[in-house]
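An overview of the molecular structure
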Amino acid sequence: MKSLEDLKRIREQAQAQIRMRTQEANTKIIVGMGTCGIAAGARDTLMAILDELAKRNIQDVVVTQTGCVGLCEYEPLVNVIKSGQPKITYMKVSPERARQIIASHIVNDQIMNEWVLSTEEGA
Amino acid sequence: MMEDISLHTLDIVENSISAGATLVKIELFIDRERDEFTLTISDNGKGMDGEMVKNIRNPFFTTRTTRKVGLGVSFLDEIAELTGGKLEIASTPGKGTVVSLRLPFSHPDRPPLGDIISTLMTILMTSIDVRFVYRETRNGKEWIFDSSEIMGISDPVFLKQVKDMLYNSYKEFTGGELI
């Protein structure tokens, strides 16, 4: 298969702009990926987050995951942590909601209050 | 509920990652003529003892403390039972775990494969320190993805390029055939 070569090529091309995890990213997005999250559609939510970040050319956001946190009925759960701000947990994040969270919260600092499950200071 | 194999694959790999695995191998072997559809996921995580392996098929078993009910592996057990297939779990504490689900390809209750590329991208994005290898053999042809070339990168713009490339490469491999 050719793709290994292709991957190397893409990596080389992107090298200049790539941010490794060791660098401090300003914003972290954490998606719940326990069995409950996956069953509720977390994978599609994550793919929408990826698409939307890439479309907007946002490179300094780290997307990561967490397991089940015992709030299965609110899955897919998405946490947004911007440096110096409280951790916001969004509930029932469909791909559409995820795209809007990127546009409002990540880009414009406008929290989507109606989907917020909890806010945690000093996270 | 999880309606396809690619979602179950993600769920099982998440177990591997929770078990501290640094290497996860996912193998899908499909052979229409032999009526075979076999998914094998092996990891080098902390493994399980015999008692835990026995319990893991039980839907009320979990290692989590946040919620009392576990479901992941018991879903696979149910699929195996429904289709006359077989689920095998072998594990060695300190060494790792192998989960193998063997199903008859043509059985009407065998779940479809689903969007395996989204599953691979999810693992790649959210567990960037874990090396994983996906190998699919479909009627004698083989497609391999090894994350070692690109792991450790969190840049979404780069990852989107990887996703598009994988979709194209995989589509070339399958010829667009949905199974």
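Residues numbered from 1 in each chain as written. Chains lettered and ligands numbered in written order. Predicted model: local features only at pLDDT ≥ 70, side-chain atom pairs only at ≥ 80, totals over all residues.

**What to know about the overall build of chain B**
- Counting its regular elements, chain B contains 5 helices and 6 strands.
- Each helix (α) and strand (β) of chain B, taken in turn from the N terminus, gives the series α-β-β-α-α-β-β-α-β-β-α.
- In terms of overall dimensions, chain B is globule-like: its C-alpha atoms have a radius of gyration of 16 Å, near the 16 Å expected for 179 residues.
- C-alpha extents for chain B along the principal axes are approximately 45 × 40 × 30 Å.
- Among the 179 residues that make up chain B, the fraction classed as buried is 41%.
- Contacts spanning at least 24 positions in sequence make up 61% of the contacts within chain B whose residues lie at least 6 apart. (Helix = DSSP H or I, 4+ residues; strand = E, 2+ residues; numbered from the N terminus. Rg over C-alpha atoms; globule rule 2.2 N^0.38 Å. Buried ≥ 20, exposed ≤ 12 C-beta atoms within 10 Å, placed from the backbone. Contact = placed C-beta atoms within 7 Å.)

**Here we look at the confidence of the model for chain A**
- For chain A, mean pLDDT is 87; residues scoring 70 or higher make up 85% of the total.
- Mean pLDDT per element in chain A: helix α1 (residues 3-14) of chain A is the minimum at 69, and strand β4 (residues 87-90) of chain A is the maximum at 98. (pLDDT = per-residue confidence, 0-100.)

**Overview of the interface of chain A and chain B**
- Counting residues at the interface gives 40 residues for chain A and 41 residues for chain B.
- Looking at the side of chain A that touches chain B residue by residue, the class counts come to 23 nonpolar, 9 polar and 8 charged. (Nonpolar A, V, L, I, M, F, W, Y, C, P; charged D, E, K, R; others polar.)

**Points about the sheet that holds strand β2 (residues 36-43) of chain B**
Residue and element names in this part refer to chain B.
- Reading across from one edge, β3-β4-β2-β1-β5-β6 is the order of the 6 strands in this open sheet, with mixed pairing throughout. Edge positions in the open sheet fall to β3 (86-92) and β6 (141-146), since each of these has one partner strand only. The mean angle between the axes of side-by-side strands here comes to 10°, regardless of whether they run parallel or antiparallel.
- Across the sheet, helix α3 (residues 72-83) is in contact with β3 and β4 (96-104); its angle to β4 comes to roughly 30°. (Pairing = 2+ DSSP bridges. Axes fitted to C-alpha atoms, helices over the stretch in contact; angles between N-to-C directions.)

**A look at helix α3 (residues 42-55) of chain A**
Residue and element names in this part refer to chain A.
- With 14 residues, α3 should cover 20 Å at 1.5 Å per step; its first-to-last C-alpha distance of 20 Å lies within 8% of that length.
- Within α3, 10 of the 14 residues are buried, leaving the element largely enclosed by the surrounding structure.
- All of the buried residues in α3 are A42, R43, T45, L46, M47, A48, I49, L50, E52 and L53. (Expected span 1.5 Å × (residues − 1).)

**Things to note about the packing of helix α4 (residues 116-126) of chain B against helix α5 (residues 156-174) of chain B**
All names here are of chain B.
- Where α4 meets α5, the axes come as close as 10 Å, and the angle between the chain directions of the two elements is 150°. Overall, the two elements α4 and α5 adopt an arrangement that is roughly antiparallel. Two packed elements cross with a definite hand, and for α4 against α5 that hand is right-handed. Between α4 and α5, the residues in contact are I117, L120, M121, L124 and M125 and L159, K163, L166, Y167 and Y170, respectively. (Parallel < 35°, antiparallel > 145°, perpendicular 65-115°, else oblique. Left-handed = near helix turned anticlockwise from the far one by under 90°.)

**Some remarks on the packing of helix α1 (residues 5-18) of chain B against α3(B)**
Residues and elements named next belong to chain B.
- Orientation of α1 relative to α3, taken along the N-to-C sense of each, is 140°, at an axis distance of 9 Å. Relative to α3, α1 is oriented oblique. When you trace α1 past α3, the crossing you get is left-handed. Contacts between α1 and α3 pair H8, D11, I12 and N15 from the former with G72, F75 and L76 from the latter.
- Considering only residue class, the contact of α1 with α3 consists of 3 nonpolar, 3 polar and 1 charged.

**Remarks on the nonpolar core**
- Residues A:I49, A:V78, A:I101, B:V13 and B:L120 are the most contacted members of the largest nonpolar core, which totals 71 residues.
- Ignoring anything within four residues of it in the chain, the contact list for A:I101 reads A:V78, A:V80, A:Y90, A:V93, A:I106 and A:M112. (Core = buried A, V, L, I, M, F, W, Y, C linked by C-beta atoms within 7 Å.)

**Brief notes about the sheet that holds strand β3 (residues 78-82) of chain A**
Residue and element names in this part refer to chain A.
- An order of β2-β1-β3-β4-β5 is seen for the 5 strands of this open sheet, with the pairing classed as mixed. Every other strand in the sheet has two partners, leaving β2 (61-66) and β5 (116-120) as the edge strands with one partner each. Sheet twist, expressed as the average angle between the axes of neighbouring strands with direction ignored, equals 20°.
- Two elements, strand β1 (residues 27-32) and β3, share 5 bridges in a ladder whose sense is antiparallel. Bridge assignment links K28 to a residue of β3, and that residue is I81.

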